[in-house]
Every structure is written in structure tokens, then in C-alpha cells.
Amino acid sequence: MTDEVVMHTNVEEHPKATEPTIPTSPPESTPVEEKDQPANLTPSTTPTMTSIYIKTLNLDDFTEDCKAYVIDYMCPLCKGVYYNPVIDICGHIFCQRCFEIFHNVNQLTNELRCPISGVTLPGVPSQITLIANILDKQTLNCCNRNIGCEWKGVVKDFVSHIDNDCPKQTLQCSLKGCSSRILRENMKEHLMNCEYRIVNCGFCNISLAFNQLEEHYKTCPKYLLQCPQSCGSMIERDKMDEHVAVLCPNTTVTCKYNIIGCNEKFLNKETEEHMHKY
């Protein structure tokens, strides 16, 4: 990685450091040194791209006056401004989620390792409430301002805005099987028309996804079918055999008096006419 990593601690670089000093104001930027690069873990387990990390706070979203301040509080993993910052025994600071992602990707054993030095850590990094409180008060624009969201507020309200309110935030459709990503302001309409929405069959009342209806109709026991004998009736599938065999007006039947000698055959609808012949 070639991006500069700004150190945010006054603790000496020493393996035995146990009480790192937490910065309360932006330190001066320092040149990138070899020891400040992400740990050189084995190639098969080392994340080589920042794309695996989730940048919650983007520097470009901050107002100009705040941007000049928060630029010194950048996570070396996601390259964004710290969100829920934590510090390890080496004095290195990361977003809590970035550290967790790094650990999950590089988890060959149960050991925690510093993403910068590779040193084995005795436990999870500590929360830095002081820095979090400082950053919470900084002002930024919505990350969706380029597509029309006009929200502006402080960091402590930003995630709630994105997670619950922003009309321009892209959301994953909640319906099983649907991979569509839709703006929050359009989600209600999408859910009403999504091909994966759950509907009831209008014939048997079973619940299923809308895009399964056509296939379901091919076997639905209550689906209405046109009589194959062209009587004009629409008959439920599970009653069709009885209709064709016994009830259809166009079914050919034998006179009920065949046991006494009438062997004449005619259509069901002609029964009355036949009976009046004699």
C-alpha cells in the first residue's frame, strides 16, 4: 500500500507499550515509514485492496471547515474518517469494523494481530471514546448529495440518516430471491410490483411468489379449464374427469333402460328428447 498512514499517538513504538496515549487534537502529519505499512502477512491471507473495507465516513462528504480538521483522523485500512475508533497496544488506530474485517480475513488462528505491525495482540483493541466524541460533532453532507439528498448534519446523526431516512439511499429489496437495489424513495412502489412479491393464487388461495404463478397454474387443482368437449363450461381441474365422464352435456351416454333392451346412445343433452320418443 502506498497511501500515507497518519499516526495518532504519542506512545513509543515498543512491543511492551501497554498504556498508549490517546490524542485529543490532530497531530501533525508525518512521512510514511516502512513500519507504518499494513503487516506483511502471507499473500494468501493478506487483503491487498481497500475494497474489502467499508468506508462509513468519506472525507469528501465533510464541510470544508471540518474537512481540514478530520483529515488527520483517517483509518489506514478503509481510507475513510474513523468511525467507532479503536486503538491497539501498538498505538495504531482503526475503525472498529475495519479491524474486525481485517481479523476475519486473516484468521489463521484465534490470535489477534495488529494490521500495521503484525504484532500479536493480547486482546481486542480499546474503544477511544474521546476521539469518537470529537468526530461526532463534525458536520458533513449526505453521501448521496450528488443525486439529490440535501441533508446536512453532524456525524453522530449520519448513520441514522442513512439507515432510516435518506430518500436517495440505495437499499436491497427485502423480498426473498430479489437481487434488485432500489432507492428508498422508490422502494414502496417496487415492493408492490416486484416479481418476487408474495401473492395468493386466485383459484386455490395458496401463497407463492408472483413470478411462480404461471407455473403454478399448470398444476393448480382449482384452476379453471375449458371443457375439452366444447360444452362451453369452465371446470376446476380436479373436477374435470367427473365432468367429462358424467356431467358434460356433450358426453355420450347409453340409455338407462339398456337393461331391458334399449341400447341407443346419445349425448347427455339429448336425454330428455330420447326419453320422449317412446
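Residues numbered from 1 in each chain as written. Predicted model: local features only at pLDDT ≥ 70, side-chain atom pairs only at ≥ 80, totals over all residues. Heavy atoms only, no water.

### What about the packing of aromatic side chains?
Phase 1 of the analysis: Applying the stated criterion to the full structure yields seven aromatic pairs.
Phase 2 of the analysis: Summarising the aromatic geometry, the rings of Y73 and Y82 are spaced 6.4 Å apart at their centres and angled 65° between planes, so their arrangement reads as edge-to-face.
Phase 3 of the analysis: On the accessibility criterion, Y73 (0% relative accessible area) is buried.
Phase 4 of the analysis: One residue, R197, lies across the ring of F210, its end atom 3.9 Å from the ring centre. (Phe/Tyr/Trp six-rings, centres within 6.5 Å; stacked < 30°, edge-to-face > 60°. Buried < 20%, exposed > 50% of the residue type's maximum accessible area, 1.4 Å probe, protein only. Lys NZ or Arg CZ within 6 Å of the ring centre and 35° of its normal.)

### Thoughts on the sheet that holds strand 2 (residues 93-95)
By definition, the strands of a sheet pair up through backbone hydrogen bonds, in either a parallel or an antiparallel sense.
Phase 1 of the analysis: An order of 2-1-5 is seen for the three strands of this open sheet, with the pairing classed as antiparallel. Edge positions in the open sheet fall to strand 2 and strand 5 (126-127), since each of these has one partner strand only.
Phase 2 of the analysis: With two bridges connecting them, strand 1 (residues 85-87) and strand 5 associate as antiparallel partners. Counted as the bridge partner of V86 is Q127 from strand 5. (Pairing = 2+ DSSP bridges. Helix = DSSP H or I, 4+ residues; strand = E, 2+ residues; numbered from the N terminus.)

### Considerations on helix 5 (residues 184-193)
Phase 1 of the analysis: Turning to helix 5, its buried residues number three or more, namely R184, M187 and H190. The buried residues of helix 5 all sit within an arc of 75° when viewed along its axis, so they share a single face. Exposed and facing more than 90 degrees away from the buried side of helix 5 are K188, E189, M192 and N193.
Phase 2 of the analysis: Residues of helix 5 that are buried sit in contact with helix 4 (155-165), strand 8 (170-172) and strand 9 (181-183). (Arc of directions from axis to C-beta. Contact = heavy atoms within 4.5 Å.)

### What to know about the pattern of salt bridges
Phase 1 of the analysis: Using the criterion set out here, one finds eight salt bridges in the structure.
Phase 2 of the analysis: The partner of K222 in a salt bridge is D238, and the shortest N-O contact between them spans 3.0 Å. Of the two residues, K222 is situated in the loop between helix 6 (213-217) and strand 12 (224-226) and D238 in the loop between strand 13 (234-236) and helix 7 (240-247); the sequence distance between them amounts to 16 residues.
Phase 3 of the analysis: Residue classification places K222 among the partly exposed residues on the basis of a relative accessible area of 26%.
Phase 4 of the analysis: Its relative accessible area of 43% is what places D238 among the partly exposed residues.
Phase 5 of the analysis: The structure contains a network of salt bridges with shared partners spanning K222, E236, D238 and K239. (Salt bridge = Lys/Arg side-chain N within 4 Å of Asp/Glu carboxyl O.)

### Concerning the nonpolar core
Phase 1 of the analysis: Among the nonpolar cores identified, the biggest contains 37 residues, and F62, C75 and V81 are the most heavily contacted of them.
Phase 2 of the analysis: For this core, the secondary structure elements donating two or more residues are helix 1 (64-70), strand 1, strand 2, helix 2 (96-105), helix 3 (129-136) and helix 4.
Phase 3 of the analysis: Considering every element that reaches this core, the biggest residue donor is helix 2, with four residues.
Phase 4 of the analysis: Here C75 is in contact with G80, Y82, F94, C95 and C98, once residues within four sequence places are set aside.
Phase 5 of the analysis: One finds C201, L208, Y217 and C220 within the second-largest nonpolar core, a separate group that totals six residues. (Core = buried A, V, L, I, M, F, W, Y, C linked by side-chain atoms within 4.5 Å.)

### Here's the deal with the confidence of the model for the chain
Phase 1 of the analysis: Considering every residue of the chain, the mean pLDDT works out to 83; 81% of them sit at 70 or more.
Phase 2 of the analysis: Within the model, pLDDT remains below 50 along residues 1-37, and this stretch shows 71 contacts once partners closer than five positions in the same chain are excluded. (pLDDT = per-residue confidence, 0-100.)

### Here we look at the side chain of D61
Phase 1 of the analysis: Positionally, D61 belongs in the segment before helix 1.
Phase 2 of the analysis: What makes D61 buried here is its relative accessible area of 8%.
Phase 3 of the analysis: There is a polar contact of 2.5 Å between the side chain of D61 and the side chain of R145.
Phase 4 of the analysis: Setting aside its immediate chain neighbours within four residues, D61 contacts L140, N141, C142, C143 and R145. (Polar contact = N/O pair within 3.5 Å; in protein donor to acceptor, adjacent residues only side chain to side chain.)

### Regarding the state of the cysteines
Phase 1 of the analysis: Summed over the entire model, instances satisfying the criterion amount to zero disulfides.
Phase 2 of the analysis: C201 takes part in no disulfide bond, and the closest cysteine sulfur to it belongs to C204, at a distance of 3.7 Å.
Phase 3 of the analysis: Assessed through its relative accessible area of 2%, C201 is described here as buried. (Disulfide = S-S within 2.5 Å.)

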